[in-house]
Amino acid sequence: KEMELIDRKDNMKINIVHVLSAIFSLILITSFLFLNEIVPFGNYTLATMDADIQYLDLFAYLQELLSGSKSIGYDFSKGLGGNNFAIFSYYLASPINLLVIFFNKSELHKFFSLAFTIKIVLATVTSSIFLCNRFGNLKAIYAILLSAGYAFSQYTILQASNIMWLDGVYMLPLVLLGIYRIIHHKKPGLLAIAIAISMIFNWYSGVI
């Protein structure tokens, strides 16, 4: 019973670290958007370059797909017509994109900022999960700072307008943890699940 109580306390402490990592990351990303006057705190947007000329239209298509007015199969909105499954799996399969249904087409820039924020926070949390499981004696403050450092890496910030690549960022720590469990505990389950989910969310970054 004493061991069970100790394990519960340790698990509670670890869960608190994950929550604090998420809150810290959310504060940072919100401050970033606010200070740079990015939607919803200003008129600037993360949806630049390809996002502006292509991705926003794809999210508008996803809205129509979720409402039932478009089909993932053959559709004439693609050039002279064609199957949209490849487009869906490459750009739109992330479950976070389902939130687009709560926005009007005129608010897609707000959705873009929200999706970016959620993926950054998720990257912080999964990084925290990896660090706490891989380095059991790591102090909470270091776990929080290192997790945020991973989530706000140069790659992540540079891909702010290519948010479909960020699913791979928040799934990577789980893949790494899965590799660690195979090597040290002979348990392949987490790695198989993490890779499968990564490929479903975005097959391109998942395969890479």
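Structural notes, computed from the coordinates. (Residues numbered from 1 in each chain as written. Predicted model: local features only at pLDDT ≥ 70, side-chain atom pairs only at ≥ 80, totals over all residues. Heavy atoms only, no water.)

The secondary structure content of the chain amounts to nine helices and two strands. N-terminal to C-terminal, the α/β element order of the chain is α-α-β-β-α-α-α-α-α-α-α. The 208 residues of the chain split such that 40% are buried. Long-range contacts, defined here as pairs at least 24 residues apart, represent 62% of the contacts in the chain between residues at least 6 apart. (Helix = DSSP H or I, 4+ residues; strand = E, 2+ residues; numbered from the N terminus. Buried < 20%, exposed > 50% of the residue type's maximum accessible area, 1.4 Å probe, protein only. Contact = heavy atoms within 4.5 Å.)

Attention now moves to the pattern of salt bridges. Using the criterion set out here, one finds two salt bridges in the structure. Across the pair E64 and K105 runs a salt bridge whose closest N-O atoms are separated by 2.7 Å. With a gap of 41 residues between them, E64 in helix 2 (residues 50–67) and K105 in the loop between helix 3 (85–92) and helix 4 (108–134) connect regions that are remote in the sequence. Judged by its relative accessible area of 21%, E64 falls in the partly exposed class. In this structure, K119 and D167 form a salt bridge, with 2.8 Å as the shortest nitrogen-oxygen distance. Taken together, the residues K119 in helix 4 and D167 in helix 7 (residues 166–185) connect sequence positions 48 residues apart. D167 matches K119 in its accessibility class, with the two residues each being buried. (Salt bridge = Lys/Arg side-chain N within 4 Å of Asp/Glu carboxyl O.)

On to the side chain of Q159, then. Along the polypeptide, Q159 turns up in the loop between helix 6 (154–158) and helix 7. Accessibility expressed as a relative area gives 16% for Q159, which makes it buried. Ignoring sequence-local partners within four residues, the contact set of Q159 consists of W165 and L166.

Before going further, it helps to examine a nonpolar patch on the surface. There is a patch of nonpolar side chains on the surface, built from M12, I16, V19, L20, I23 and I27 and spanning about 560 Å² of accessible area. Along the chain, the position of I16 falls in helix 1 (residues 2–35). (Patch = residues over 30% accessible without salt bridge, like charges linked within 9 Å, V, L, I, M, F, W, Y side chains within 5 Å. Areas by Shrake-Rupley, 256 points an atom, 1.4 Å probe, with all protein chains shown as cover.)

Before going further, it helps to spend a moment on the environment of R181. Within the secondary structure, R181 is located in helix 7. For R181, a relative accessible area of 32% translates into the label partly exposed. Residues R181 and L191 lie 10 residues apart in sequence; the distance between their C-alpha atoms is 8.2 Å. Those residues in contact with R181 that lie beyond four places of it in its chain are N133, K186, K187 and L190.

Negative phi values dominate among residues other than glycine, just as trans dominates among peptide bonds. In this model, V39 is joined to P40 through a cis peptide bond whose omega is 10 degrees. Note on placement: P40 falls in the loop between helix 1 and helix 2. Of note, E37 is a non-glycine position whose phi angle comes to about 55 degrees, a positive value. Turning to its location among the elements, E37 is positioned in the loop between helix 1 and helix 2. Since its relative accessible area comes to 44%, E37 is described here as partly exposed. Unusually for a residue other than glycine, K186 sits at a positive phi of about 60 degrees. Its location among the elements puts K186 in the loop between helix 7 and helix 8 (189–201).

What follows deals with the side chain of S25. You can see S25 is positioned in helix 1. The class for S25 is buried, based on a relative accessible area of 0%. Once residues within four sequence positions are removed from consideration, S25 is found in contact with I120, V121, T124 and F152.

In short, the description is geometric, and any link to function would need to be established separately.
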